[in-house]
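Chains, contacts and geometry: an overview
Okay, here's what each chain looks like letter by letter:
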Amino acid sequence: MIEVCNVKKSFGEKEVLRDVSFRVNDGDVIAILGPSGSGKTTMLRCLSFLETADAGRVIFDGKEYDLRHSSRKDILDYRKKIGFVFQDYQLFGNKTALENVTEGLIVARKMKKEEAVERGLAALDRVGMLDHKDFYPSRMSGGQQQRVAIARAMVSEPGVIFFDEPTSALDPELTGEVLNVMEKLAKEGTTMVVVTHEMEFARRGADRVILMEGGVIVEEDDSQTFFTAPKTERAKAFLEGIRGGDR
């Protein structure tokens, strides 16, 4: 479904992504793991055209997009196929939950308001936020805001949703409600690429795990194999560090 090819990105002299390539099949949940500074978030931002890569391509549903040189028209076409969930929600403070979810449908996609509202209510229902449809962000907890952000990402029925550490801004007690929604979406067959530090989600909710460090993929495997029988010394050390932190 999605093939990521040879993505490179530098900030000044610092090389952040070095020839990153991987594939996402329809219905896959891919967990991207790695230490801070390994290039995980930059990769997602490049794949969403929120950053301009220095080189690389993404092939989506048979169409190739150049991550450095695509036209505005091609970028808009591509963005209609994806959803993005940010670390810090990025909801409009002056709009209700429902308005946040439907804004993109009405403004960017020129959908009739009645249809947008119907789809928005259904999306809020899927993430357990229908009873908060008229709430403004200031009246919602961080976990509730992030669930609204997930509804906004999924309301357009994208081919894939990118999640950039969706629980990193949440208190531990609120993290579970967001992860539960993500696991539900995974079981429903939603294609997701998730940058995360939540190892239990990666273990239970992901089909495949990619471990990054220094701007490259150092190991990629199905989640069960990655956590029980890692192949590289770096993956073994990463998991040992995680287990050590849990003690």
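Anything mentioned here points back to the structure above.
Below or above, wherever it landed, is the structure these notes cover. Since this is a predicted model, take the numbers as computed values, not measurements.

Remarks on the sheet that holds strand β5 (residues 63-66)
Strand order in the open sheet made by the four strands is β2-β1-β4-β5, with antiparallel pairing throughout. If you trace the sheet from one side to the other, it starts and ends with β2 (14-24) and β5, each paired once. Strand-to-strand twist in this sheet, taken as the mean axis angle between neighbours without regard to direction, amounts to 20°. Its contacts with the sheet place helix α1 (residues 40-47) against β1 (2-11) and β2, and it is angled at close to 65° to β2. Against the sheet, helix α2 (residues 72-79) makes contact with β4 (55-60) and β5, and its axis sits at roughly 120° relative to β5, the strand it touches most.

Quick word on the side chain of Thr 102
By secondary structure assignment, the location of Thr 102 is in helix α3 (residues 97-107). With relative accessibility at 5%, the residue Thr 102 sits in the buried group. Aside from chain neighbours lying at most four places away, what touches Thr 102 is Ala 116, Val 117 and Gly 120.

Examining unusual backbone geometry
Phi angles above zero are rare outside glycine, and Asp 19 is one such case at about 65°. Relative to the helices and strands, Asp 19 is located in strand β2. Non-glycine residue Asp 61 carries a positive phi angle of around 50°. Of note, Asp 61 is situated in the loop between β4 and β5.

A look at the environment of Ala 122
Note that Ala 122 resides in helix α4 (residues 113-126). Given a relative accessible area of 42%, Ala 122 falls into the partly exposed group. Along the sequence, Ala 122 and Ala 229 sit 107 residues apart, while their C-alpha atoms lie 41 Å from each other.

Regarding the sheet that holds strand β3 (residues 29-33)
Pairing is mixed across the open sheet formed by six strands, whose spatial order is β6-β7-β8-β3-β9-β10. In this open sheet, the two edge strands, each paired with only one partner strand, are β6 (82-85) and β10 (216-222). Averaged over all pairs of adjacent strands, the angle between strand axes in this sheet comes to 15°, irrespective of strand direction. With six bridges joining them, strand β9 (residues 208-213) and β10 adopt antiparallel strand pairing. By the bridge assignment, Ile 210 is partnered in β10 with Glu 220. Relative to β6, helix α5 (residues 142-154) is tilted by about 170°, and along the sheet it contacts β6 and β7 (160-164).

Definitions and limits used
Residues numbered from 1 in each chain as written. Predicted model: local features only at pLDDT ≥ 70, side-chain atom pairs only at ≥ 80, totals over all residues. Heavy atoms only, no water. Pairing = 2+ DSSP bridges. Helix = DSSP H or I, 4+ residues; strand = E, 2+ residues; numbered from the N terminus. Axes fitted to C-alpha atoms, helices over the stretch in contact; angles between N-to-C directions. Contact = heavy atoms within 4.5 Å. Buried < 20%, exposed > 50% of the residue type's maximum accessible area, 1.4 Å probe, protein only.

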